[in-house]
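So you can see what is in the structure, the chains are spelled out below.
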Amino acid sequence: MTALDLDADAAALTAALVDVPSVSGTEAALADAVEDALRALGRLEVHRDGDAVLARTTAGRQRRVLLAGHLDTVPPADNLPSHVDGDLLYGCGTSDMKSGVAVMLRLAATLPDAGYDVTWVCYDNEEVEAYRNGLGRVARNCRDWLDADLAILLEPTSGQVEAGCQGTLRATVSTHGRRAHSARSWLGSNAIHAAAPVLATLAEYRPRSVEIDGCTYREGLNAVRIEGGVAGNVIPDSCAVVVNFRFAPDRTQEAAGAHVAEVFAGYDVAVVDAAPGALPGLDAPAAAAFVAAVGTAPVAKYGWTDVARFAALGIPAVNYGPGDPNLAHTREEHVRLPRIAECEQALRAYLSRP
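Per chain, residue numbering runs from 1 following the sequence as it is written. Per-residue local features are limited, in this predicted model, to residues with pLDDT of at least 70; the limit for side-chain atom pairs, both in listing and counting, is 80 or more; totals at the level of whole chains, interfaces and linings are taken over all residues. Working from all heavy atoms in the structure, the side-chain values ignore hydrogens and water.

Secondary structure summary: the protein chain contains 10 helices and 19 strands in total. The quantity called the radius of gyration is restricted to C-alpha atoms. Its globule counterpart is 2.2 Å times the number of residues to the power 0.38. Taken against the 2.2 N^0.38 rule, which gives 20 Å for 354 residues, the C-alpha radius of gyration of the protein chain at 22 Å falls within 12% of a compact globule. Dimensions along the principal axes, computed over C-alpha positions, put the protein chain at roughly 75 × 45 × 40 Å. Expressed as a percentage of the 354 residues in the protein chain, the buried residues total 52%. Where accessible areas are quoted, they stem from the Shrake-Rupley method and a 1.4 Å probe; at the residue level, only the protein chains shown are allowed to cover. Total accessible area on the protein chain is roughly 15100 Å²; 49% of this is exposed by carbon and sulfur atoms. Working definition: helices are DSSP H or I runs of at least four residues, strands are E runs of at least two. Numbering for both runs from the N terminus. Between buried and exposed lies partly exposed: a residue is buried under 20% and exposed over 50% of the maximum accessible area for its type, with that area taken using a 1.4 Å probe on protein chains only.

Listed below in structure tokens is the structure:
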């Protein structure tokens, strides 16, 4: 692929990143390009871990800020290559989160004498199961690279500071029956039919809202898949409803699992994937200073992000990026070009003074 031009403006750099497909698990080509571009700057320590690319300054500043963003995207929805319409850049990953990665790379190239030491972490496999997450692998393989007084994830936030994040849990709620020929269905018991009360429970579920440090987190419990059926002439003997529980960060991962089991008491419930949330953490001095520098009131982060991983490591972290979270993973995904510039300007001003 063509080398990345880090001297290009962030909008052009975003388009260049978007036009390199990088569905989770296929980030190698983009990671190669990012690594080459950062090494070419000649003044950063650069490290590669799988398809994660890490870089940092070593100027001996009193404090260190870490900027992080994932390189992967969900599968495209016929929305590649990128294209511009007015002040909007369309394409898979424009909002989530290659515009944020573009801002990170621009700052690496054009902020040679920051008031902080800065670490850049561009990582793989964020959009898939937690065990594949590239940042988690970095934490296991080279933990010292994540040391910082503040971590800023450039996830899509529409230019707002989003604090903490929801936890997420996926579970299967299974029903069972007895196989039979569909022409003699009375000899069997239909497991798919038996799942109807599970769906009714979900439809009637009333999620709670929780206010923490002035940020309101809304929970949600929803079916995301139904698996069942044997053949067109067989009464099915098993069915599984896959549910996703997005929970407020005042619940632990274990408490979230217990809640789902309570909601579906009497059914076979199995947790298949989970990641804890993160409390806002705005009382940390470094986070408070960043919020003050940006000048907007923080809000709750809806969705899981890797601020939770940093929180688990004891590192204050916030979400702040140019993308629109409401457009993530959509066919019409796009980012406002002026917002990319505004995000870069805000981070440049913050990083320029300790």
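Alright, that's what it looks like, and here's the rest.
Reading across from one edge, 1-2-6-3-7-18-8-17 is the order of the 8 strands in this open sheet, with mixed pairing throughout. Edge strands, defined here as strands with exactly one partner in the open sheet, are strand 1 (45-49) and strand 17 (299-300). Strand pairing is defined by DSSP finding a minimum of two bridges between the two strands. By the bridge criterion, 5 bridges tie strand 1 to strand 2 (residues 52-56) in an arrangement that is antiparallel. Across the sheet, the residue bridging to D49 is A52, located in strand 2. Each of strand 3 (64-70) and strand 6 (117-123) is contacted by helix 3 (residues 94-110), which is oriented at about 140 degrees to strand 3, the strand it contacts most. We call two residues in contact when some of their heavy atoms are within 4.5 Å. Axis definition: a line fitted to C-alpha atoms, limited for helices to the stretch in contact. Angles are taken between N-to-C directions and run from 0 to 180 degrees.

Strand order in this open sheet of 3 strands is 4-5-19, and the pairing throughout is antiparallel. Here the strands that pair on one side only, and so sit at the sheet edges, are strand 4 (83-85) and strand 19 (334-336). In this sheet, adjacent strand axes meet at a mean angle of 25 degrees when their direction is disregarded. As paired elements, strand 5 (residues 88-90) and strand 19 share 3 bridges and run antiparallel to each other. Residue pairing in the sheet places L89 in a bridge with V335 of strand 19.

For helix 1 (residues 10-18), the full list of buried residues reads A10, L13, T14, A15, L17 and V18. The secondary structure elements touched by the buried residues of helix 1 are helix 2 (28-40), strand 5, helix 3 and helix 10 (337-352). The distance from a side-chain oxygen at the start of helix 1 to the backbone nitrogen of A11 is 3.0 Å, and the residue carrying that oxygen is D9. In the analysis that follows, any N or O atom pair within 3.5 Å is treated as a polar contact, provided that within protein one partner can donate a hydrogen and the other can accept it, and provided that, for residues neighboring in sequence, both atoms belong to side chains.

Right, let's talk about unusual backbone geometry for a bit. Between L80 and the following residue, P81, the backbone shows a cis peptide bond with an omega angle of 0 degrees. Residue position: P81 is located in the loop between strand 3 and strand 4. Backbone torsion omega between D96 and M97 reads -10 degrees, so that peptide bond is classified as cis. For M97, the location among the structural elements is in helix 3. In this structure, D78 takes a positive phi of about 55 degrees despite not being glycine.

Another point: the packing of aromatic side chains. Aromatic ring pairs are reported here in terms of the distance separating the ring centres and the angle at which the planes meet. Stacked, edge-to-face and tilted are the three classes for Phe, Tyr and Trp ring pairs, Trp counted by its six-membered ring, which pair at centre distances within 6.5 Å; planes under 30 degrees apart are stacked, over 60 edge-to-face, the rest tilted. The full count for this structure, using the stated rule, is 4 aromatic pairs. With a centroid separation of 5.7 Å and 35 degrees between ring planes, the pair formed by F245 and F247 is classed as tilted. What makes F247 buried here is its relative accessible area of 0%. One residue, R56, lies across the ring of W145, its end atom 3.8 Å from the ring centre. Placement of a charge over a ring requires the Lys NZ or Arg CZ to be within 6 Å of the ring centre, with the centre-to-atom vector within 35 degrees of the ring normal.

As a further point, take the environment of V210. Its location among the elements puts V210 in strand 11 (residues 209-212). A sequence separation of 39 residues divides V210 from P249, and the C-alpha atoms of the two residues are 9.0 Å apart. Apart from the residues within four sequence positions on either side, V210 is in contact with C215, T216, Y217, A248 and D250.

What follows deals with the pairing of strand 12 (residues 215-218). The two faces of strand 12 differ: C215 and Y217 on one face are buried, but T216 and R218 on the other face are not. Two successive antiparallel strands, strand 11 and strand 12, enclose a turn made up of 2 residues, where D213 displays a positive phi of approximately 55 degrees.

The next point concerns the nonpolar core. Among the nonpolar cores identified, the biggest contains 62 residues, and L38, L67, L105, I152 and F290 are the most heavily contacted of them. Broken down by element, this core gets its largest block of residues, 9 residues, from helix 3. In this view, L105 contacts L4, L6, L13, L17, V34, L38 and C122; residues no more than four positions away in its chain are not counted. In this structure, L146, A148, A275 and A317 belong to the second largest nonpolar core, which totals 23 residues. Here, the term nonpolar core denotes a set of buried Ala, Val, Leu, Ile, Met, Phe, Trp, Tyr and Cys residues that are joined through side-chain atoms within 4.5 Å.

Whenever a carboxyl oxygen of Asp or Glu lies within 4 Å of a side-chain nitrogen of Lys or Arg, that contact is scored as a salt bridge. Following the criterion strictly, the structure yields 23 salt bridges and no others. Here E45 and R56 are joined by a salt bridge, their closest N and O atoms 3.0 Å apart. With E45 in strand 1 and R56 in strand 2, this pair connects stretches of sequence that are 11 residues apart. On the basis of relative accessible area, R56 is assigned to the buried category, the value being 14%.

The analysis is restricted to geometry; functional conclusions fall outside its scope.
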